[in-house]
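In case you want the letters, here they are:
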Amino acid sequence: MTKEIQQALCKYLSIKGHEHLCENFGHIVFEMDVASLSKSDMLLEFEVKISRSDFLADGEKGRIFKKFEMYGNPFGHEARCPNYFYYVCPENLISKDEIPLFAGLFYYNSDKEIVLIKSPKRIHKVPSKRVDILNKMLRMVSQRKYLGGTMLTYKNNLIKERYKSLTGNELIIKM
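Residues numbered from 1 in each chain as written. Predicted model: local features only at pLDDT ≥ 70, side-chain atom pairs only at ≥ 80, totals over all residues. Heavy atoms only, no water.

### Topic: the overall build of the protein
Okay, so step 1: Assigned secondary structure in the protein consists of five helices and six strands.
Okay, so step 2: Relative to its length of 175 residues, the protein is compact, with a C-alpha radius of gyration of 18 Å against a globular reference of 16 Å.
Okay, so step 3: Its C-alpha atoms put the protein at 55 × 35 × 35 Å along the principal axes.
Okay, so step 4: Taken over 175 residues, the protein has a buried fraction of 38%.
Okay, so step 5: Restricting the contact set of the protein to residue pairs at least 6 apart, pairs at least 24 apart contribute 50%.
Okay, so step 6: Looking at the protein as shown, the accessible area adds up to about 10600 Å², and 55% of this sits on carbon and sulfur atoms.
Okay, so step 7: Charge-centre separation for the protein: the mean point of 28 positive side chains lies 5 Å from the mean point of 21 negative side chains. (Helix = DSSP H or I, 4+ residues; strand = E, 2+ residues; numbered from the N terminus. Rg over C-alpha atoms; globule rule 2.2 N^0.38 Å. Buried < 20%, exposed > 50% of the residue type's maximum accessible area, 1.4 Å probe, protein only. Contact = heavy atoms within 4.5 Å. Areas by Shrake-Rupley, 256 points an atom, 1.4 Å probe, with all protein chains shown as cover. Lys, Arg positive; Asp, Glu negative; His and termini not counted. Charge placed at Lys NZ, Arg CZ, Asp CG, Glu CD.)

Next comes the structure, spelled out in structure tokens:
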């Protein structure tokens, strides 16, 4: 369902005039389910949630919690933070009262439409470096098309194949 929501969101954003979109965009430390770069070089992050447990796990003292601490107070970390952040989820999975103050919220409804529920607050005003973001988006899209994944995924898969051919066993790489 995540892919279905991502595709519906990208279609919605394209119709709304977003020109540069990338799914599963690795930005500095964090991966964005969908990233969009605006004409004014503002970076927008869209986090897709398909279950309550997935959403509630964000509040735990883990990697995502640290991300939200940074987004809540980006001073000195502007290059690592998007300018805007949204949650995107099936209708009524998350209420607008549950999300961080800086976050926006979209619902994916039963008609397979994306509906804006809450607009986000701007996290910071520093524009992204357009050339860097677009180069990375293009590189990721190209690698996925021609390698079946990003370069790291491709190399990990080669390692797994070599290991299996040598040992006959599956290699599990934990990240």
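### Details of the pattern of salt bridges
Okay, so step 1: In total, this model carries seven salt bridges according to the counting rule given.
Okay, so step 2: The partner of arginine 52 in a salt bridge is glutamate 98, with the nearest N and O atoms 2.8 Å apart. With arginine 52 in helix α2 (residues 52–57) and glutamate 98 in the loop between β4 (84–90) and β5 (103–108), this pair connects stretches of sequence that are 46 residues apart.
Okay, so step 3: Here arginine 52 falls in the partly exposed class, since its relative accessible area comes to 32%.
Okay, so step 4: Owing to a relative accessible area of 33%, glutamate 98 belongs among the partly exposed residues under this scheme.
Okay, so step 5: A salt bridge links glutamate 170 to lysine 164; the shortest N-O distance between them is 2.9 Å.
Okay, so step 6: On the basis of relative accessible area, glutamate 170 is assigned to the exposed category, the value being 58%. (Salt bridge = Lys/Arg side-chain N within 4 Å of Asp/Glu carboxyl O.)

### What about the environment of lysine 164?
Okay, so step 1: Relative to the helices and strands, lysine 164 resides in helix α5 (residues 151–167).
Okay, so step 2: Separated by 157 residues in the primary sequence, lysine 164 and glutamine 7 have C-alpha atoms spaced 34 Å apart.
Okay, so step 3: Dropping the residues within four chain positions of it, lysine 164 is found in contact with Asn169 and Glu170.
Okay, so step 4: Reaching out from lysine 164, the side chain makes a polar contact with the side chain of glutamate 170 at a distance of 2.9 Å. (Polar contact = N/O pair within 3.5 Å; in protein donor to acceptor, adjacent residues only side chain to side chain.)

### Some points on the packing of aromatic side chains
Given two aromatic rings, one states the distance between the centres and the angle between the planes to describe the pair.
Okay, so step 1: Summed over the entire model, instances satisfying the criterion amount to nine aromatic pairs.
Okay, so step 2: Plain terms: the ring middles of phenylalanine 46 and tyrosine 86 are 4.8 Å apart, the flat faces sit at 10 degrees to each other, and that makes the pair stacked. In this pair, phenylalanine 46 is assigned in strand β3 (residues 43–48) and tyrosine 86 in strand β4, connecting sequence segments 40 residues apart.
Okay, so step 3: A residue is classified by how much of its surface remains accessible, and phenylalanine 46, at 1% relative accessible area, is buried.
Okay, so step 4: With a relative accessible area of 12%, tyrosine 86 lands in the buried category.
Okay, so step 5: Counting every residue linked through ring pairs, the aromatic cluster contains Phe55, Tyr71, Phe85, Tyr87 and Phe102.
Okay, so step 6: A cation sits over an aromatic face here: lysine 136 above phenylalanine 25, 5.9 Å from the ring centre. (Phe/Tyr/Trp six-rings, centres within 6.5 Å; stacked < 30°, edge-to-face > 60°. Lys NZ or Arg CZ within 6 Å of the ring centre and 35° of its normal.)

### Side note on a nonpolar patch on the surface
Okay, so step 1: A surface patch of nonpolar side chains, amounting to about 390 Å² of accessible area, comprises Tyr146, Leu147, Met151 and Tyr154.
Okay, so step 2: For the nonpolar patch, the secondary structure elements donating two or more residues are α4 (130–147) and α5.
Okay, so step 3: Structurally, methionine 151 is set in helix α5. (Patch = residues over 30% accessible without salt bridge, like charges linked within 9 Å, V, L, I, M, F, W, Y side chains within 5 Å.)

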